[in-house]
Amino acid sequence: DFKAVLMKYDESLFVPEKEEPVKPSMIHFSCPDASKSPVFGQNVNLEQGESYCFTFQQKFVVGDMDATIYLQVKDAFGSGSYKTYLASHTDGFTVETDTESGTASYRFTWKEKSGRYGLGFSPIAATELYLANVKLYKTGDDTQTNLLPSAVREDTLIGWRGDWSE
């Protein structure tokens, strides 16, 4: 039911970001039945008191952000614990979107203890979308160094994972 496929970047879906070269890949995320779908994302190290920006380009085929899929920060994927600390449908994130480029930016300050956590997309209804230029960086970092262990690359989704909860 759940599928995440690495694909070549399609300029007909996204307007390339002005300050960066076009990325060579994007993810096609498909979930026809949310009851059989994992949270899809990566484990990241977060520091208590630090502010972050999670940004990505999105193009929905089915659904919409916060209507059919949430962004969540949970216990580390694979840990067997499923506590949710932040969710885009409740509070804790400041959201900015650019409809021209399809870029969404979710800013948050991490209040929990420093450690490894899962940052990902959690479908709640049928969803199909394309993701590109996915990155997490500290808001004070002018170079926007990507803190995700695995950026969307041309040849692999290593580091990305699905984690079922409850």
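Quick caveat, the model's predicted, so the values are computed rather than measured.

(A) Main features of the overall build of the chain. Looking only at helices and strands, one finds 0 helices and 11 strands in the chain. Along the chain, from the amino end to the carboxyl end, the secondary structure elements read β-β-β-β-β-β-β-β-β-β-β. Counting only residues that meet the buried cut, the chain has 45% of its 166 residues in that class. Contacts spanning at least 24 positions in sequence make up 73% of the contacts within the chain whose residues lie at least 6 apart. Of the roughly 8300 Å² that the chain leaves accessible, carbon and sulfur atoms contribute 46%.

(B) Inspection of the packing of aromatic side chains at higher detail. This structure, assessed with the given rule, holds 12 aromatic pairs. Plain terms: the ring middles of Phe-54 and Phe-56 are 5.4 Å apart, the flat faces sit at 50 degrees to each other, and that makes the pair tilted. Note on Phe-54: relative accessible area 2%, which makes it buried. Its relative accessible area of 0% is what places Phe-56 among the buried residues. Ring pairing ties together the aromatic residues Tyr-52, Phe-54, Phe-56, Tyr-85, Phe-93, Tyr-106, Phe-108, Trp-110, Tyr-117 and Phe-121, which thus form one cluster.

(C) Quick peek at the pairing of strand E2 (residues 25-31). Burial of E2 is extensive: 7 of the 7 residues sit out of reach of the surface. What you see with E2 is no split at all: Ser-25, Ile-27, Phe-29 and Cys-31 on one side and Met-26, His-28 and Ser-30 on the other are buried throughout. As judged from the 6 bridges shared by strand E1 (residues 3-8) and E2, these two strands associate in the antiparallel manner. In the sheet register, Leu-6 faces E2, and the bridge partner there is Ile-27. Looking at chain direction, E2 and strand E10 (residues 127-138) are connected through 5 bridges and run antiparallel. The residue of E10 that forms the bridge with Cys-31 is Thr-127.

(D) Region of the structure containing the nonpolar core. Membership of the largest hydrophobic core comes to 30 residues, with the highest contact counts inside it found for Leu-46, Phe-54, Phe-56 and Leu-136. Mapped by element, the contributors of at least two residues to this core are E2, strand E3 (39-46), strand E4 (51-62), strand E5 (69-75), strand E8 (103-109), strand E9 (115-123) and E10. Among all residues touching Phe-56, those that are not within four sequence positions of it are Met-65, Gly-102, Thr-103, Ala-104, Tyr-106, Phe-121, Leu-131, Ala-132, Asn-133 and Val-134. In this structure, Tyr-9, Met-26, Tyr-130 and Ala-132 belong to the second largest nonpolar core, which totals 5 residues.

Calculation rules
Residues numbered from 1 in each chain as written. Predicted model: local features only at pLDDT ≥ 70, side-chain atom pairs only at ≥ 80, totals over all residues. Heavy atoms only, no water. Helix = DSSP H or I, 4+ residues; strand = E, 2+ residues; numbered from the N terminus. Buried < 20%, exposed > 50% of the residue type's maximum accessible area, 1.4 Å probe, protein only. Contact = heavy atoms within 4.5 Å. Areas by Shrake-Rupley, 256 points an atom, 1.4 Å probe, with all protein chains shown as cover. Phe/Tyr/Trp six-rings, centres within 6.5 Å; stacked < 30°, edge-to-face > 60°. Pairing = 2+ DSSP bridges. Core = buried A, V, L, I, M, F, W, Y, C linked by side-chain atoms within 4.5 Å.

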